[in-house]
Amino acid sequence: MGHRATDDHSERGVAVIGFDYMFLTAKDLYTRSEWADCDEKDIDESLVLKVLVVRDMRSKSLFAHAVSAKGSDGEGYAVQCIVDDVAWLGYPRVILKSDNEPAIVKLLKDSLKALRVEGLEQACEEHPPPYDPQANGGIEVGVKLVKGQLRTLRSALEEKLKFKVPVAHPVVAWLVAHAANVVTWLS
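Right, let's walk through the structure included here. (Residues numbered from 1 in each chain as written. Predicted model: local features only at pLDDT ≥ 70, side-chain atom pairs only at ≥ 80, totals over all residues. Heavy atoms only, no water.)

Remarks on the environment of V141
Keep this limit in mind: Under the scheme used here, helices are H or I runs from DSSP no shorter than 4 residues and strands are E runs no shorter than 2 residues, and both carry numbers assigned from the N terminus.
Relative to the elements of secondary structure, V141 occurs in helix α4 (residues 137-161). Taking the C-alpha atoms as reference, V141 lies 9.2 Å from R55; in sequence the two are 86 residues apart.

A closer look at the pattern of salt bridges
This is how it is decided: By convention in these notes, a salt bridge is any Lys or Arg side-chain nitrogen within 4 Å of a carboxyl oxygen on Asp or Glu. Only protein chains enter the accessibility calculation, which uses a 1.4 Å probe; a residue whose area is less than 20% of its type maximum is buried, one above 50% is exposed, and one in between is partly exposed.
Overall, the coordinates contain eight salt bridges when judged by the stated rule. Of the charged contacts in the structure, one is a salt bridge between K106 and D110, with a shortest N-O distance of 2.9 Å. In this pair, K106 and D110 are both assigned in helix α3 (residues 102-118), four residues apart and thus about one turn of the helix distant. With relative accessibility at 46%, the residue K106 sits in the partly exposed group. For K164, the salt bridge goes to E158, with nearest N and O atoms at 3.6 Å. Taking the relative accessible area as the measure of exposure, K164 reaches 63% and is therefore exposed. If you follow the salt bridges from partner to partner, you end up with R154, E158 and K164 in one network.

Side note on helix α2 (residues 77-89)
Keep this limit in mind: A helix is expected to span 1.5 Å for every residue after the first. Should any heavy atoms of two residues lie within 4.5 Å, those residues are counted as being in contact.
Relative to the 18 Å expected for 13 residues at 1.5 Å per residue, α2 spans 18 Å between its end C-alpha atoms, a close match to the ideal helical length. Those residues of α2 that sit buried are A78, V79, C81, I82, V83, D85, V86 and L89. Those residues of α2 hidden inside the fold are in contact with β1 (15-24), β3 (49-56), β4 (62-67), β5 (93-97) and α3. Two residues or fewer past α2, G90 is found with a positive phi of approximately 80°.

Describing unusual backbone geometry
The backbone of K60 sits at a positive phi, close to 70°, despite the residue not being glycine. Looking at the element boundaries, K60 is found in the loop between β3 and β4. Phi at K162 is positive, roughly 60°, even though this residue is not glycine. You can see K162 is positioned in the loop between α4 and α5 (170-186). Here K162 falls in the exposed class, since its relative accessible area comes to 65%.

Comments concerning the packing of aromatic side chains
Note the following rule: Paired rings are identified among Phe, Tyr and Trp, the last through its six-membered ring, by centres lying within 6.5 Å, and are further divided according to the angle between planes into stacked (under 30 degrees), edge-to-face (over 60) and tilted (the rest).
If you walk through the whole model with that rule in mind, you get two aromatic pairs. Seen in terms of ring centroids, Y21 and F23 are 6.4 Å apart; in terms of plane orientation they differ by 25°. Their pairing is stacked. Note on Y21: relative accessible area 1%, which makes it buried. Judged by relative accessible area, which is 2%, F23 ranks as buried.

Rendered as structure tokens:
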């Protein structure tokens, strides 16, 4: 029987919590890698909603938060979102996993500090090997699930309202979190 790699580290009793970014513009939703491929000069930064997607690899729970910037923001909102998500999950030991982009690594390190202050038994970090897109596949799946649900909910809302809801509207930020909740609740 072959060795099967697991992303939840259940043999060690440690839950892996992965996170990555998704971007929402007036035209479409983008994952971080898709965003890098588009011509950013054509897109007004003020019309882009940055979304932090967090996924527990053990329970498959998803969380999504509209954030003001990539990485750690000055107010500590993104860090607090991750701390609250981990607290909601209730694990005493976690591994936070992100890719190696400097902004998200800073967010990971700040979140680890905050989690240790919160009194977790163990809080560690993990990063996939560089240039290996499959190594962080669990969170990429989570981003795609949130992206699909968000498209569906936004489309249904706009159909009902007979109006295109602008990306900067507060209801879109709420809809981001709700989309992740719907995926978690109905999975």
